[in-house]
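# A structural walkthrough
In case you want the letters, here they are:
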Amino acid sequence: MAIGCWLFGVGSSAQTWTMEAKNDTLSQLVLTTDSTTSRWRLPYEVYRFDTGDVDGDGSTDALVGVVKATRYYPKGRRLLVFKNYKGHVRPLWMGSKLGGELHDFRFIDGRVRCLEASTNGLFAVAEYEWSGFGLSFVKFIVKGIDKDAALKIFEK
């Protein structure tokens, strides 16, 4: 079962990022180019898949949202970013946490827009951009509001 499929022209060759769900907790990120197919095993629940040129190098990257435990956050949503390196899927950023508790993300206008919750139960919509080795906070679009209001702004 494919979660999504996007086709982008990169230079003179094309590349396609797809996500194949094997079951609830196992997926494969698949990169297909004119001459290669490369896969990256994701042994986590995937809640979001998007694409965009995250690092500004002219090549389309894959953004994958997974539910993954870490030492200090036992059941959190994470954002992973992958790139096409010579026809192979390679991690660009395996971030464990952004500013607040990540609920969702989108790639919009060269930035990663995130819906986040704070410890007081209020929500924010924040934007991040690539800064050499990872994502850096740029600005809040809105913060300190309830979830429904934040969702409306996030989904615009």
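Residues numbered from 1 in each chain as written. Predicted model: local features only at pLDDT ≥ 70, side-chain atom pairs only at ≥ 80, totals over all residues. Heavy atoms only, no water.

### Looking at the sheet that holds strand S6 (residues 61-68)
- Pairing is antiparallel in the open sheet, where 4 strands are placed in the order S5-S6-S7-S8. With partners counted over all chains shown, the strands left at the sheet margins are strand S5 (45-52) and strand S8 (88-93), one partner each. Strand-to-strand twist of the sheet, defined as the mean angle between neighbouring strand axes without regard to direction, takes the value 30 degrees. (Pairing = 2+ DSSP bridges. Helix = DSSP H or I, 4+ residues; strand = E, 2+ residues; numbered from the N terminus. Axes fitted to C-alpha atoms, helices over the stretch in contact; angles between N-to-C directions.)

### Focus: the sheet that holds strand S12 (residues 135-145)
- Taken in spatial order, the 4 strands make up an open sheet running S9-S10-S11-S12, and their pairing is antiparallel. The open sheet has two edge strands, strand S9 (101-108) and S12, and neither has a second partner. Across this sheet, the average inter-strand angle for adjacent strands is 20 degrees, counted without regard to direction.
- Note that strand S10 (residues 111-117) and strand S11 (residues 123-130) share 6 bridges and pair antiparallel.

### Let's talk about the pairing of S6
- Burial within S6 is extensive, with 7 of its 8 residues counted as buried.
- Both S5 and S6 contribute to a ladder of 7 bridges, which runs antiparallel. If you follow Arg 48 over to S6, its bridge partner there is Gly 65.
- Both S6 and strand S7 (residues 76-85) contribute to a ladder of 7 bridges, which runs antiparallel. In the strand pairing of S7, Val 67 is matched with Arg 77. (Buried < 20%, exposed > 50% of the residue type's maximum accessible area, 1.4 Å probe, protein only.)

### Digging into the pattern of salt bridges
- A complete count under the given rule lists 9 salt bridges for this structure.
- Across the pair Arg 39 and Glu 20 runs a salt bridge whose closest N-O atoms are separated by 3.0 Å. Placement of Arg 39 in strand S4 (residues 37-42) and of Glu 20 in strand S2 (residues 13-23) is noted, with a sequence separation of 19 residues between them.
- Exposure remark for Glu 20: the relative accessible area of 22% places this residue in the partly exposed category.
- Two residues, Glu 127 and Arg 113, come together in a salt bridge whose shortest N-O distance is 2.7 Å. Here Glu 127, found in strand S11, pairs with Arg 113, found in strand S10; they are 14 residues apart in sequence, far enough to count as distant. Arg 113 shares its class with Glu 127; the two are buried. (Salt bridge = Lys/Arg side-chain N within 4 Å of Asp/Glu carboxyl O.)

### Overview of the side chain of Asn 84
- Its location among the elements puts Asn 84 in strand S7.
- A distance of 2.7 Å separates a polar atom in the side chain of Asn 84 from a polar atom in the side chain of Gln 15. (Polar contact = N/O pair within 3.5 Å; in protein donor to acceptor, adjacent residues only side chain to side chain.)

### Here's the deal with the nonpolar core
- Judged by nonpolar contacts, the single largest core of 18 residues is most densely connected at Leu 63, Leu 79, Leu 98, Val 112 and Leu 135.
- For this core, the secondary-structure elements that each account for two or more residues are S6, S7, S8, S9, S10 and S11.
- Those residues in contact with Leu 63 that sit more than four places away from it in its chain are Arg 48, Phe 49, Asp 50, Thr 51, Gly 52, Val 54, Leu 79, Leu 80, Val 81, Phe 105, Phe 107 and Val 112.
- In this structure, Trp 17, Leu 29, Val 64 and Val 89 belong to the second largest nonpolar core, which totals 13 residues. (Core = buried A, V, L, I, M, F, W, Y, C linked by side-chain atoms within 4.5 Å. Contact = heavy atoms within 4.5 Å.)

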